[in-house]
Amino acid sequence: MPNLDLVDHQILKLLQEDAKLNVNDIAQQLNLTKTPIYERIKRLERSGVIDRYVAIVNRQKFTPSIIVLLTGALKVTKFEQTQEFYDAVIGIEEVLECYLLGGDKDFMLKVIARDLDSYHEFYSAKIASIPYVGEIRSSFVLKEVKYSTSIPNMTLE
């Protein structure tokens, strides 16, 4: 990981809040000139600290939807079988996030569906057909209490 100083962290905080901020805006907020800000942003991009810029879409503005968290176990005996599971999950657009877990469950999926009926169709057609999937438990999100895409400032190196 590149060595990040306080200014780098401030730039990252601002860009995570609003990726449309331009170099002039950032420089003004940090009371610096725009050339060093521009160079720092380019360095953060080149080093991979800034992975990409995206628009965060408000799902409430679209057709009503539900979020389902699935936890499950895999029935695998070889690493290659786990990779087959990953490859299958990556190709399913309703799966927003996938995590490998330690503990009593092997994975967690965050899934979006239009409603319970469409979730049932999705589960039957896509999840149940993924190779090596064992037991699955679905939990339905009733209320989104906190949602953030910002990584908090970690300790400075």
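These numbers were taken from a predicted model, which means no experiment stands behind them.

Caption draft 1: Spotlight on the pairing of strand β2 (residues 95–100). With five bridges connecting them, β2 and strand β3 (residues 107–113) associate as antiparallel partners. Within β3, the position partnered with L100 by the bridge is F107. Between β2 and the antiparallel strand that follows it, β3, lie six residues; G103 among them carries a positive phi value of about 115°.

Caption draft 2: Representation of the environment of T35 in the model. With respect to the element layout, T35 can be found in helix α3 (residues 34–46). For the pair formed by T35 and S138, sequence separation is 103 residues and the distance between their alpha carbons is 50 Å.

Caption draft 3: Spatial organisation of the environment of Q81. Along the chain, Q81 turns up in helix α4 (residues 79–90). Q81 sits in the buried class, given a relative accessible area of 14%. Taking the C-alpha atoms as reference points, Q81 and Y132, 51 residues apart in sequence, are found 7.1 Å from one another. If we ignore the near neighbours within four places in the chain, the residues touching Q81 are V76 and Y132.

Caption draft 4: The pairing of strand β1 (residues 66–74), seen in detail. Both β1 and β3 contribute to a ladder of seven bridges, which runs antiparallel. Residue pairing across strands places L70 opposite L109, the latter belonging to β3. Pairing geometry for β1 and strand β4 (residues 133–140), over six bridges, is antiparallel. From the neighbouring strand, L69 faces β4, where its bridge partner is S139.

Cut-offs used in this document
Residues numbered from 1 in each chain as written. Predicted model: local features only at pLDDT ≥ 70, side-chain atom pairs only at ≥ 80, totals over all residues. Heavy atoms only, no water. Pairing = 2+ DSSP bridges. Helix = DSSP H or I, 4+ residues; strand = E, 2+ residues; numbered from the N terminus. Buried < 20%, exposed > 50% of the residue type's maximum accessible area, 1.4 Å probe, protein only. Contact = heavy atoms within 4.5 Å.

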